[in-house]
Amino acid sequence: MSCVAIQKMTLIDFPRHVAATVFTRGCPFRCFYCHNPELVLPEQYAPEISYETVIAFLHKRVGMLDGICITGGEPTMWSELESFIKTVRGMGYAIKLDTNGYFPDIVSSLLAQKLIDYVAMDIKAPLNRYSEIIGVSIDTSRIARSIELLQAAYVSGILADYEFRTTLVKPLLSVDDAAGIRDLVSGVPHYYLQNFVESKHVGSVNGFEPFTALEAKQFSTIMQERVADVVLRGSFLN
Ligand code: SF4
């Protein structure tokens, strides 16, 4: 498994950085609202680009970019993740990792070696509803462990910053789920509630729709009981 795509520049994926985004393929989850089946489903996999091509591109961009966002799929399944990070950190890049948190041992190893600067982790649902949202049965203690690892790394100064984020999508989630998520993530510096958007792969035809502005506000208010910085992302209609 290797990288499958590069977004050559982004100002929004990695806070306070001008970054490139590297996409990896493979994911153990099957979220019903996933927008990236070509990164998740083996029968729809996009063609790979070689490791050397990615490294050569990033080498040329030294001085123009200052960060790399690694996303997926699920990047912690990528066998070359650690060596890739070590190589590009050697070029001076800061690293943001996007993850679903299902491989805490990988996250722990990267943190222990101080190889990542920022982590964005998806919180799909309260733990007792995870499997309903992601379409497969999983060991949710692995999600809880990743949450704890990030919180501890941030408090100890190993990790400069991190965020959790939840996609607000009906009818999979409702305002009733906010308290369960709030209790899971208290103390996180930033929490993003991103509203569902339709894509060519998934939308109202599948029965999914975004939260209304009122529902998002109610969800946010409950989260704010334990999280200082709750941010709504996307558009919200009444
Ligand atoms: S974790 Fe992300 S990439 Fe994997 S299936 Fe869910 S939405 Fe798609």
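Conventions used here
- Residues numbered from 1 in each chain as written.
- Predicted model: local features only at pLDDT ≥ 70, side-chain atom pairs only at ≥ 80, totals over all residues.
- Heavy atoms only, no water.
- Axes fitted to C-alpha atoms, helices over the stretch in contact; angles between N-to-C directions.
- Helix = DSSP H or I, 4+ residues; strand = E, 2+ residues; numbered from the N terminus.
- Parallel < 35°, antiparallel > 145°, perpendicular 65-115°, else oblique.
- Left-handed = near helix turned anticlockwise from the far one by under 90°.
- Contact = heavy atoms within 4.5 Å.
- Nonpolar A, V, L, I, M, F, W, Y, C, P; charged D, E, K, R; others polar.
- Near = heavy atom within 4 Å.
- Phe/Tyr/Trp six-rings, centres within 6.5 Å; stacked < 30°, edge-to-face > 60°.
- Buried < 20%, exposed > 50% of the residue type's maximum accessible area, 1.4 Å probe, protein only.
- Lys NZ or Arg CZ within 6 Å of the ring centre and 35° of its normal.
- Core = buried A, V, L, I, M, F, W, Y, C linked by side-chain atoms within 4.5 Å.
- Pairing = 2+ DSSP bridges.
- Polar contact = N/O pair within 3.5 Å; in protein donor to acceptor, adjacent residues only side chain to side chain.

Enquirer: Just checking my understanding: could you explain the packing of helix H3 (residues 81-89) against helix H4 (residues 104-112) for this structure?
Expert: What describes two packed helices is the angle between their axes and the distance between those same axes. For the pair H3 and H4, interaxial distance at closest approach is 11 Å and the crossing angle is 25°. Regarding the angle of H3 to H4, the classification is roughly parallel. As H3 packs across H4, the resulting crossing turns out to be right-handed. Listed contacts from H4 to Leu-81, Glu-82 and Ile-85 of H3 are Ile-106, Ser-109 and Leu-110. Taken together, the residues of the contact of H3 with H4 sort by class into four nonpolar, one polar and one charged.

Enquirer: Mind showing me how you'd approach the side chain of Glu-74 here?
Expert: Here Glu-74 shows up in the loop between strand E3 (67-71) and H3. In this structure Glu-74 touches Thr-24, Gly-26, Cys-27, Pro-28, Asp-98, Thr-99, Asn-100 and Phe-103, once residues within four positions along its chain are discounted.

Enquirer: Would you take a moment to explain the site of the ligand for this structure?
Expert: Close to the ligand lie Cys-27, Phe-29, Cys-31, Cys-34, Val-40, Gly-73, Asn-100 and Lys-124, which account for all nearby residues. Considered class by class, the residues forming the shell around the ligand number five nonpolar, two polar and one charged.

Enquirer: What's the story with the packing of aromatic side chains in this structure? I'm lost.
Expert: To describe a pair of aromatic rings, one takes the distance between the centres and the angle between the planes. In this structure the tally under the stated criterion is eleven aromatic pairs. Between Tyr-154 and Tyr-162 the ring centres are 5.4 Å apart and the planes differ by 65°, which places this aromatic pair in the edge-to-face class. Classification of Tyr-154 as partly exposed rests on a relative accessible area of 32%. The interplanar angle of 65° and the centroid separation of 5.9 Å between the aromatic rings of Phe-211 and Phe-219 together place this pair among those described as edge-to-face. The exposure class of Phe-211 is buried, given its relative accessible area of 3%. Residue Phe-219 is classed as buried on the basis of its relative accessible area of 0%. Cluster of aromatic residues (ring-pair linked, three or more members): Tyr-154, Tyr-162, Phe-164 and Tyr-191. One Lys or Arg, Arg-142, reaches over the ring of Tyr-102 and ends 3.7 Å from the middle of that ring. Above the plane of the ring of Tyr-192 lies Arg-233, whose end atom (NZ or CZ) is 3.7 Å from the centre.

Enquirer: What's the story with the nonpolar core in this structure? I'm lost.
Expert: Burial of nonpolar side chains together is a common tendency in soluble globular proteins. Counting 66 residues, the largest nonpolar core has Leu-58, Phe-84, Ile-123, Phe-164 and Tyr-191 as its most contacted members. Of all hydrophobic cores here, the second largest spans six residues; its members include Phe-14, Ala-94, Tyr-118 and Tyr-192.

Enquirer: Where do I start with the pairing of strand E6 (residues 161-170) in this structure?
Expert: Regular strands have side chains that alternate between both faces of the sheet. By the criterion of burial, E6 is predominantly enclosed, with ten of the ten residues buried. Strand direction decides the pairing type here: strand E5 (residues 118-122) and E6, joined by five bridges, are parallel. From the neighbouring strand, Tyr-118 faces E6, where its bridge partner is Asp-161. Pairing of E6 with strand E7 (residues 190-195), which is carried by six bridges, proceeds in the parallel orientation. The residue of E7 that forms the bridge with Thr-166 is Leu-193.

Enquirer: Could you clarify how one ought to interpret unusual backbone geometry in this entry?
Expert: Negative phi characterises most residues that are not glycine, and trans characterises most peptide bonds. Here the amide bond leading from Gly-72 into Gly-73 is cis, since omega sits at 15°, within 30 degrees of zero. Along the chain, the position of Gly-73 falls in the loop between E3 and H3. A cis geometry characterises the amide bond from Lys-170 onward to Pro-171, with omega recorded as 0°. Assignment of secondary structure puts Pro-171 in the loop between E6 and helix H7 (178-185). A positive phi angle, close to 65°, is found at Arg-16, a residue other than glycine. Within the secondary structure, Arg-16 sits in the loop between strand E1 (3-10) and strand E2 (19-24).

Enquirer: Any chance you could explain the environment of Ala-213 here in plain terms?
Expert: With respect to the helices, strands and loops of the structure, Ala-213 is situated in helix H8 (residues 213-223). In sequence terms Ala-213 and Leu-237 are 24 residues apart; their C-alpha atoms lie 5.4 Å from each other.

Enquirer: Hey, could you run me through the environment of Thr-221 in this one?
Expert: Within the secondary structure, Thr-221 sits in helix H8. In the structure, Thr-221 is positioned 91 residues away from Tyr-130 in sequence and 22 Å away in space, judged by C-alpha atoms. Among the polar contacts listed, one links the side chain of Thr-221 to the backbone oxygen of Lys-217, at a separation of 2.8 Å.

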